[in-house]
Amino acid sequence: MKVDDRGRLWVTDSTAGVAAYDIATRALVASFDVPGGAPRFVNDLDSAPDGTAYLTDSIRSVVYRVTPDQVAAGGMPNSRRFSTSRRILNRARRTPSASTASW
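Residues numbered from 1 in each chain as written. Predicted model: local features only at pLDDT ≥ 70, side-chain atom pairs only at ≥ 80, totals over all residues. Heavy atoms only, no water.

### With respect to the side chain of Arg-40
Then, in step 1: Its place among the elements puts Arg-40 in the loop between β4 (28-33) and β5 (42-47).
Then, in step 2: Despite its burial, Arg-40 remains without a salt bridge, the nearest opposite charge being carried by Asp-57 at 5.8 Å.
Then, in step 3: At 2.3 Å, the side chain of Arg-40 forms a polar contact with the backbone oxygen of Gly-36.
Then, in step 4: When sequence neighbours within four positions are dropped, the list of residues in contact with Arg-40 reads Ser-14, Thr-15, Ala-16, Val-34, Pro-35, Asp-57, Ile-59 and Arg-60. (Helix = DSSP H or I, 4+ residues; strand = E, 2+ residues; numbered from the N terminus. Buried < 20%, exposed > 50% of the residue type's maximum accessible area, 1.4 Å probe, protein only. Lys, Arg positive; Asp, Glu negative; His and termini not counted. Salt bridge = Lys/Arg side-chain N within 4 Å of Asp/Glu carboxyl O. Polar contact = N/O pair within 3.5 Å; in protein donor to acceptor, adjacent residues only side chain to side chain. Contact = heavy atoms within 4.5 Å.)

This is the structure:
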């Protein structure tokens, strides 16, 4: 869990994804699920000054990105899924990519 500079509590579910809550109202702002049925372990979370959240997936060896625009779009009442375009690093066995366009 982490509270960002915008007053959102980010809660990771290591087996599913992440949810963001407004700490003032306790309302669910957005939630995102990792796609696919393969094992995953979403754990570490950090946020950038622009409000973008970054989450690691230790089993899949990727970092997911959630932008402020994606949070604003919500995902309520149904959870939005992370898409492959939100992966910013290849698996650890490969060279990191500087571009997210190919994801």
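Alright, that's what it looks like, and here's the rest.
### Considering the pairing of strand β2 (residues 8-13)
In summary, the side chains of a regular strand alternate between the two faces of the sheet.
Then, in step 1: Pairing geometry for strand β1 (residues 2-3) and β2, over 2 bridges, is antiparallel. The residue bridging Lys-2 from the neighbouring strand is Trp-10, located in β2.
Then, in step 2: Relative to strand β3 (residues 17-22), β2 is paired through 6 bridges, and the arrangement is antiparallel. Counted as the bridge partner of Leu-9 is Tyr-21 from β3.
Then, in step 3: As consecutive antiparallel partners, β2 and β3 are separated by 3 residues. (Pairing = 2+ DSSP bridges.)

### Some words on the side chain of Arg-8
Then, in step 1: Summarising the element assignment, Arg-8 is placed in strand β2.
Then, in step 2: Look at Arg-8 and you get buried, because its relative accessible area is 9%.
Then, in step 3: Among the polar contacts listed, one links the side chain of Arg-8 to the side chain of Asp-4, at a separation of 2.8 Å.
Then, in step 4: A polar contact is formed between the side chain of Arg-8 and the backbone oxygen of Gly-51, at a distance of 3.4 Å.
Then, in step 5: Sequence-distant contacts of Arg-8, that is, excluding residues within four places in its chain, are made with Lys-2, Val-3, Tyr-21, Ile-23, Gly-51 and Val-71.

### With respect to the nonpolar core
Then, in step 1: Counting residues in each nonpolar core, the largest one holds 14 residues, and the members touching the most others are Trp-10, Phe-32, Leu-55, Val-66 and Val-71.
Then, in step 2: The element that contributes the greatest number of residues to this core is strand β7 (residues 62-66), accounting for 3 residues.
Then, in step 3: The contact partners of Val-71, leaving out residues within four places of it in the chain, are Arg-8, Trp-10, Val-29, Ala-30, Phe-32 and Val-66. (Core = buried A, V, L, I, M, F, W, Y, C linked by side-chain atoms within 4.5 Å.)

### Focus: the sheet that holds β7
Then, in step 1: Spatially, the 3 strands line up as an open sheet ordered β5-β6-β7, and their pairing is antiparallel. Pairing within the sheet leaves two strands with one partner each, and these edge strands are β5 and β7. The average undirected angle you get between the axes of adjacent strands in this sheet is 25°.
Then, in step 2: In terms of strand pairing, β5 meets strand β6 (residues 53-57) through 4 bridges, oriented antiparallel. Along β6, the bridge assignment pairs Ser-47 with Ala-53. (Axes fitted to C-alpha atoms, helices over the stretch in contact; angles between N-to-C directions.)

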